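So the chains spell out like this:
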Amino acid sequence: MRHVKCVVIGGGSAGLAAAIQLKKYNIDCLLLEKEDVLGGILNQCIHNGFGLTRFKEELTGPSYAERLVSEFHDLGIEFELDSTVIKLNSDKSIEYINPKGVHKIQAESIVLALGARERTRGNIMIPGDRSVGVWTAGSAQKYLNIDGYCVGKRVFILGSGDIGLIMARRMTIAKAKVVGVAEIMPYSNGLTRNLVQCLYDYDIPLYLSTTITRINGNGRVQSIELSRVDENLKPISGTEFNIEVDTVLLSVGLIPDNIITENAGIEMDPRTKGPKINQYYETSIPGIFACGNGLHIHDVVDFVSEEGDMVAKSVERYLNQLGKSDLSIPVNSDSNFIYVLPQTIDKSQAVKLKFRVKRPLKNVKLVIRTKDEIIMTLPKTQLLPAELEMITLPLPLIDKIQDEVRLEIIA
Amino acid sequence: MYDIIIIGSGIIGSMLAYDLSRFNVSVCVLEKNVEIMNEVSSSNSGLVHAGYDPEDGTLKAQLNLIGAKRYPQIAKDLNVDYKQVGSLLVSNSMDEHEALLKYAQRATQRKIDVKYIQQDEIRRMEPNISDSVLEALFFPTTAIITPWQMGFACMNYAVLNGVKLFRQTKVIGIDKNENYTVHTTQGVFESKCVINCTGLNGVDVAKYQDPNSEHQLEFRKGEYQVSDIRDESYLNHVIYPMPSKLGKGVLALKTIEGNLMFGPTSYVIDNRYDFSTTVNGLNEVDSKISQIIKPLAKNRMIRQFAGVRPGSITKDFIIENKDGFINVIGIDSPGLASAPGISEYVIESFLKKDFELESKMNLVDFKWKKHLSSNERNELIKDDSRYGRIVCVCETISEKEIMNAIHLPVGARSIKGVKRITRPGSGRCQGGFCESEVVRILARELNVDMKDIPYDNDVFLTPLGGHDETR
Ligand SMILES: Cc1cc2nc3c(=O)[nH]c(=O)nc-3n(C[C@H](O)[C@H](O)[C@H](O)COP(=O)(O)OP(=O)(O)OC[C@H]3O[C@@H](n4cnc5c(N)ncnc54)[C@H](O)[C@@H]3O)c2cc1C
Ligand SMILES: Cc1cc2nc3c(=O)[nH]c(=O)nc-3n(C[C@H](O)[C@H](O)[C@H](O)COP(=O)(O)OP(=O)(O)OC[C@H]3O[C@@H](n4cnc5c(N)ncnc54)[C@H](O)[C@@H]3O)c2cc1C
């Protein structure tokens, strides 16, 4: 069986960044990508708005990917396309399939950069007819930007996150009539910039606190029933109204795609839907690391790549057996948070904590405490669920930590 | 001119085609849809029931037993999945004790294996059984199949052995002179004998032949939820609640592929083509299932669907021969389990009287291609690298397997057909990743534009599909 120092699974912006950085540390790696091109989801995101942090300019998705891919090729890193990993084992052997055969290799370390899949109608259980014409926003984006087919003429979009907003504009440019966007929350989860440039500029109405409660149409979608929702997000009966459309796009969230991770027996976090990690992005199996959308969902690709960089550093530490303490201190949070990463820390280094809050919060204090002691207090004028927050805990503060780190919000 | 025309290619039509293709008669099958096995036979529980619950003296009781007996051999001959998982009929209250004993007794009379078991043993067999379950009957012979796989395999065998299948051919009228003239949307067909197995349209087609036919159907919808859990140990058997006058009730099972499936509900509907899911129906599935097993996390659900049962108001199958026009209608549950029994019954009771049925020589074998193991795949890749280009990651399906589905004797013509035959789109992402690639392969293999590939009957990628002039 072939031996490799490090195998990177996934050639999107996370995996590419990790592989590039590994090469810079002089670590031989092999990158496996299931598609026939590198770049991942970015290849279909032809709009602008990528790279402001990493490249200090505004790029389209494909050109952001191209920057990474050309650096990757310049460094002569080994990769295989059309190569789907079907099995990951806890002993770090990997089984993958490509047009040359079914292969098994042994890795000394592994970087999971698997990306995300989209929530579907079945996941959010929209009742109604078994109609054709309901797609996830990403599928419609792929049909339009890769294959050249606009899947709808009168389109309704559920979910006002950035992908939903961007598809509202994209479908409009492709001559579809986008009749509206509904959002179950009382606020949009998209960037203000996208709300203005994708909806307001095209007079597309946004229905807040509203959701689709039925899809109608035997054969093609004919109409949808919308309802207002109460504060528990339950539809309020009597508020139903119908809109005629032939297509519904769902932009109702991404889920880290982790079939092989789960099957390997790696511990998962039900909140992120990705693997649990320590501060080195290492999963419950030593030597297997995770980053990018496969770990938790990112809004900005620059931070995806940055995570790839950081994971490469951890792989280097791991391969060179640089000590890590035996401590495993849990990072917890109160009910204001969707999640906090990493799930555990070991006190040997400064830590960058990443988190999302459950609802928009204004003028609050973010408190980081350990047992009874507050070790950090940060005033925050605004915290939004759509925005991944990051704070670094420097070493002097780390020293104070006892058997738990806890994030809380106080008014 | 055919000897026999079969109208409808659900499990009944497919099984009849399979059985008849081995005799020296000319047979054609007329199907209105673009794909076979796409109505009642595709949206059900996929169970080959042991056969204890139909009332004594009914065709249902008689033919379920024959069906259950024939299936293992058919599955073996066609290489399709048939898994004898066994079932538990559970009771949650001592009030149901009498009924439980009644079923045990009936099973014994019908020579169906059955064992009475109590709490400790139930829990040993099913760790996730609900705490309220008190006692149960264990039926080791209950089996699961993938209904469309069974039907597709039967029809492919039949077509390889001389049966003619006409799809997108809807029967709209029937005349009888010396022979039967069957009018369809694709012209006329003639035969000596016609078998009407048109499921939801059974009575309408029966009336084409006899306008005075008094049969009546009642349509009952059943809703389901499917989860992506593939945890081998979550559920080991099919779990039935106690039957009621509404049917077998909301049950829990693990499909051949390992997904958990809960349902169906049962209530009468007006529109027989109403395959919609409803809030009430899905909630009912949730609440009923929680009486028999411990609940699953909501976010594991990947799909909801509904099926419609075309039941006769007489509560039994209607199988009759009216002057060479054979009605096989009112086939609700256990229609799938009974299909081989129904087919045998039609042949033995009617066709053998009208035709001199002789077994054909030189039959061509047909083996269903099951999911490839890694070793099998590795071997196949040596001859065709497309076995190594994975299109559907959730289910590990390659480009070549999708091409094979399109080039079967009864090949896929739609996205739905490909999904039924090889499963891309059935997994977690529900086609999110692979659907466009499936469309691309269909378009290439059938030599048409992507927008002209149907999802299902007459519905396409773009709203106008094949009629779209803008591209
Ligand atoms: C529709 C959309 C619009 C977006 N818009 C913006 C924007 O405007 N600005 C912005 O900054 N960010 C945006 N983002 C976010 C950002 O682009 C993503 O977060 C980022 O690209 C994710 O990178 P990744 O490497 O984690 O995942 P991906 O790019 O999804 O890469 C994962 C790769 O892994 C491969 N893979 C998966 N499983 C296997 C396996 N088993 N074997 C082999 N290979 C495998 C996949 O084929 C894929 O190439 C957008 C994201 C989406 C989905
Ligand atoms: C919710 C539910 C659960 C069930 N569970 C089980 C179970 O677990 N076990 C079991 O044994 N049974 C079960 N059943 C019953 C079983 O599914 C049916 O009895 C069986 O599938 C009926 O098959 P069929 O061939 O008669 O009908 P169909 O499968 O509906 O086939 C009829 C065919 O005729 C075609 N057709 C109709 N009209 C015309 C026309 N005018 N011209 C040409 N073609 C036409 C249709 O397109 C269709 O292809 C269940 C049923 C339901 C609804």
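The rules behind each value
- Think of each chain on its own: its residues are numbered from 1, step by step along the sequence as written.
- Each chain takes a letter, starting from A, and each ligand takes a number, starting from 1, following the order in which they are written.
- pLDDT decides what is reported in this predicted model: residues at 70 or higher carry local features, side-chain atom pairs at 80 or more are listed and counted, and totals for whole chains, interfaces and linings draw on all residues regardless.
- The basis for every side-chain value is the complete set of heavy atoms in the structure, and neither hydrogens nor water enter the calculation.
- Numbering goes from the N terminus for both helices and strands, where a helix is a DSSP run of H or I of at least four residues and a strand is a run of E of at least two.
- We compute the radius of gyration from the C-alpha atoms alone; for a globule the expected value is 2.2 Å times N to the 0.38, where N is the number of residues.
- Residue burial is assigned from relative accessible area. The probe radius is 1.4 Å, only protein chains are included, and a residue is buried under 20% of its type maximum, exposed over 50%, and partly exposed in between.
- Contacts: residue pairs with any heavy atoms within 4.5 Å of one another.
- Per-residue and other accessible areas were derived by the Shrake-Rupley procedure at a 1.4 Å probe size, with only the shown protein chains allowed to occlude residues.
- By the counting rule applied here, Lys and Arg register as positive and Asp and Glu as negative, while His and the ends of each chain are not counted.
- A charge is said to be at NZ when it belongs to Lys, at CZ for Arg, at CG for Asp and at CD for Glu.
- For this analysis, a salt bridge means a side-chain nitrogen from Lys or Arg found within 4 Å of a carboxyl oxygen belonging to Asp or Glu.
- Any residue with at least one heavy atom within 4 Å of a molecule or strand is counted as near it.
- Here a polar contact means two N or O atoms within 3.5 Å. Within protein one must be a hydrogen donor candidate and the other an acceptor candidate, and residues neighboring in sequence count only if both atoms are side-chain atoms.
- Gly counts as polar in this scheme, as do all residues outside two lists: the nonpolar Ala, Val, Leu, Ile, Met, Phe, Trp, Tyr, Cys and Pro, and the charged Asp, Glu, Lys and Arg.
- Bear in mind that the domain bounds are from an automatic or database domain assignment.
- Defined in terms of a 1.4 Å probe, buried area is the accessible area two parts forfeit on being brought together, summed over both.
- Throughout, nonpolar core names a set of buried Ala, Val, Leu, Ile, Met, Phe, Trp, Tyr and Cys residues whose side chains join them through atoms within 4.5 Å.
- At least two DSSP bridges between two strands are required for those strands to pair.
- In this description, the arc belongs to the directions extending from the helix axis to the C-beta atoms.
- Criterion for a disulfide: a pair of cysteine sulfur atoms within 2.5 Å.
- Confidence of the predictor at the level of single residues is given by pLDDT, which spans 0 to 100.

Student: Explain the overall build of chain A here, please?
Tutor: For chain A, the helix and strand inventory stands at 9 helices and 27 strands. In summary, chain A has a C-alpha radius of gyration of 22 Å against a globular reference of 22 Å for 411 residues, a match within 12%. Looking at chain A as a whole, 58% of its 411 residues are labelled buried. Relative to all contacts within chain A whose residues are 6 or more apart in sequence, the contacts with residues 24 or more apart total 61%. Accessible area for chain A stands at about 16,500 Å²; split by element, carbon and sulfur atoms hold 50% of it. Positive and negative charge centroids in chain A, built from 47 and 50 side chains respectively, lie 2 Å apart.

Student: What exactly am I supposed to notice about the side chain of K92 of chain A here?
Tutor: Mapped onto the secondary structure, K92 of chain A falls in the loop between β6 (84-88) and β7 (93-98). E282 of chain A provides the closest opposite charge to the buried, salt-bridge-free K92 of chain A, at an N-O distance of 7.2 Å.

Student: So what exactly am I meant to see when it comes to the site of ligand 1 here?
Tutor: All names here are of chain A. Close to ligand 1 lie 32 residues, the nearest being A14, E33, H47, N293 and V301. Between E33 and ligand 1, the recorded distance is 2.5 Å, taken from a side-chain N or O atom to an oxygen atom. Within the backbone of K34, an N or O atom sits 3.2 Å from a nitrogen atom of ligand 1. Compared with its free state, where it exposes 1,000 Å², ligand 1 has 93% of that area covered by protein. Its residues assigned to classes, the shell around ligand 1 shows 14 nonpolar, 14 polar and 4 charged.

Student: It is not clear to me how the site of ligand 2 should be interpreted in this structure. Could you clarify?
Tutor: Residue and element names in this part refer to chain B. The local shell around ligand 2 holds 39 residues, among which E31, S41, L47, I331 and A337 are the closest. E31 is positioned such that a nitrogen or oxygen atom in its side chain is 2.5 Å from an oxygen atom of ligand 2. One of the backbone N or O atoms of K32 is found 3.3 Å from a nitrogen atom in ligand 2. Contact with the protein chains hides 99% of the accessible area of ligand 2, taken as 1,000 Å² for the molecule alone. For the shell around ligand 2, the secondary structure elements donating two or more residues are α1 (11-20), β17 (301-312) and α8 (335-354). Tallied by class, residues from the shell around ligand 2 come to 16 nonpolar, 17 polar and 6 charged. Residue contributions to the shell around ligand 2 reach at least three from each of two domains, namely domain 1 (2-41 + 147-215 + 314-354) and domain 2 (87-140 + 217-312).

Student: How should the interface of chain A and chain B be read in this particular structure?
Tutor: Interfaces are often described in size by the accessible area the parts lose on coming together. Counting residues at the interface gives 46 residues for chain A and 53 residues for chain B. Here chain A meets chain B over a buried area of about 4,000 Å², counting both sides, of which 54% is carbon and sulfur. Sorting the residues of chain A by area buried against chain B places M125, R130 and Y149 of chain A first, and these three jointly supply 19% of that buried surface. Counting across the interface, chain A meets chain B through 3 salt bridges. Between the two partners, chain A and chain B, sit 18 residue pairs in polar contact (both at pLDDT 80 or more). Mapped onto the side of chain A that touches chain B, the elements with two or more residues apiece are β6, β7, β8 (101-112), β9 (116-118), α3 (121-124), α4 (137-147) and α7 (259-263) of chain A.

Student: In this structure, what is going on with the nonpolar core? I would like to understand it.
Tutor: One broad trend across soluble globular proteins is that nonpolar side chains are buried collectively. Within the largest apolar cluster, 107 residues are counted, with the highest numbers of intra-cluster contacts made by I195 and L351 of chain B. When residues no more than four places from it in sequence are discounted, the contact partners of I195 of chain B are I4, I5, I6, I7, L16, L20, I326, V328, V346 and L351 of chain B. The next biggest cluster of nonpolar side chains, apart from the first, holds 58 residues, and it includes V4, A65, Y281 and L319 of chain A.

Student: Can you help me understand the pairing of strand β15 (residues 223-228) of chain A in this one?
Tutor: Consecutive side chains of a regular strand alternate in pointing toward one face of the sheet and then the other. Residues and elements named next belong to chain A. Counting buried residues along β15, 5 of its 6 residues qualify, which places the element largely inside the surrounding structure. Connecting strand β14 (residues 210-216) to the antiparallel partner β15 that follows it, the hairpin turn spans 6 residues, and G217 within it adopts a positive phi of roughly 135°. Looking at chain direction, β15 and strand β16 (residues 241-244) are connected through 4 bridges and run antiparallel. Opposite S223, over in β16, you have E244 as the bridge partner.

Student: Got a minute to help me understand helix α6 (residues 202-209) of chain B in this structure?
Tutor: An α-helical turn contains 3.6 residues, so any two residues separated by three or four positions project in the same direction. All names here are of chain B. Of all the positions in α6, only G202, V203, V205 and A206 are classed as buried. Viewed end-on, α6 has its buried residues packed into an arc of 165°, placing them on one side of the element. Where the residues of α6 are buried, they touch β1 (2-7), β9 (171-176), β11 (187-196), β12 (217-227) and β19 (325-329).

Student: How should the sheet that holds strand β27 (residues 405-410) of chain A be read in this particular structure?
Tutor: One key point about sheets: their strands pair by backbone hydrogen bonds, in either a parallel or an antiparallel sense. All names here are of chain A. Within the open sheet, the 5 strands sit side by side as β22-β20-β27-β24-β25. Their pairing is mixed. What marks the edges here is a single partner per strand, and that holds for β22 (344-345) and β25 (373-383). Sheet topology places strand β24 (residues 361-370) next to β25; 9 bridges connect them, and they run antiparallel. Paired with T370 across the strands is E373, a residue of β25.

Student: Honestly, the pattern of salt bridges in this entry has me stumped. Any pointers?
Tutor: For side chains of opposite charge, pairing can occur when their charged atoms come near one another. By the definition in use, this model includes 54 salt bridges over all chains. A salt bridge links D332 of chain B to K60 of chain B; the shortest N-O distance between them is 2.8 Å. Of this pair, D332 of chain B sits in the loop between β19 and α8 while K60 of chain B sits in helix α2 (residues 59-78), placing them 272 residues apart in sequence. Salt bridges here are not isolated pairs; linked through shared partners, they connect D82 and D147 of chain A together with R389, E399, E437, R440, R444 and E445 of chain B.

Student: Where do I start with the state of the cysteines in this structure?
Tutor: When the sulfur atoms of two cysteines share a covalent bond, that bond is a disulfide. This structure, assessed with the given rule, holds 0 disulfides over all chains. A disulfide-free cysteine, C29 of chain A has its sulfur positioned 5.8 Å from the sulfur of C6 of chain A, the nearest such atom.

Student: Got a minute to help me understand unusual backbone geometry in this structure?
Tutor: Peptide bonds are, in most cases, trans, and in most cases residues other than glycine have a negative phi. Residues and elements named next belong to chain B. The step from G263 to P264 runs through a cis peptide bond, and the omega angle for that step is -5°. As for its position among the elements, P264 is in the loop between β15 (260-263) and β16 (267-269). Between S333 and P334 the backbone carries a cis peptide bond, its omega angle lying at 5°. One non-glycine residue, R423, lies in the positive phi region at around 85°. Relative accessible area serves as the criterion here: at 15%, R423 is assigned to the buried category.

Student: Teacher, can you tell me more about the domain arrangement of chain A here?
Tutor: All names here are of chain A. Along its sequence, chain A is carved into domain 1 (1-118 + 254-324), domain 2 (120-252) and domain 3 (328-411). The straight-line distance from the C-alpha centre of domain 1 to that of domain 3 is 26 Å. Facing the 21 residues of domain 1 at the interface are 21 residues of domain 3. For the interface between domain 1 and domain 3, the tally reads 3 salt bridges. Notably, a salt bridge pairs R356 with D299, separated by 2.9 Å at the nearest N-O pair. For the pair domain 1 and domain 3, the interface holds 14 residue pairs in polar contact (both at pLDDT 80 or more).

Student: Which parts of the structure should I look at to understand the confidence of the model for chain B?
Tutor: Chain-level statistics for chain B give a pLDDT mean of 94 and a share of 97% at 70 or above. Note that pLDDT drops below 50 for residues 466-471 of chain B; the model gives that stretch 10 contacts with residues more than four away or on any other chain.

Student: For this particular structure, what's the right way to read the environment of D354 of chain B?
Tutor: Residue and element names in this part refer to chain B. Tracing the chain through its elements places D354 in helix α8. Along the backbone, D354 and C193 are 161 residues apart, and their C-alpha atoms lie at a distance of 8.7 Å. Filtering out sequence-adjacent residues up to four positions away, D354 remains in contact with N321 and G324.

Student: So what exactly am I meant to see when it comes to the environment of R117 of chain A here?
Tutor: By the element assignment, R117 of chain A lies in strand β9. On the basis of relative accessible area, R117 of chain A is assigned to the buried category, the value being 8%. Not counting chain neighbours up to four residues away, the residues in contact with R117 of chain A comprise G253, L254, I255, P256, D257 and N258 of chain A together with R428, C429 and F433 of chain B. Within the structure, the side chain of R117 of chain A is placed 3.1 Å from the side chain of D257 of chain A, a separation counted as a polar contact.

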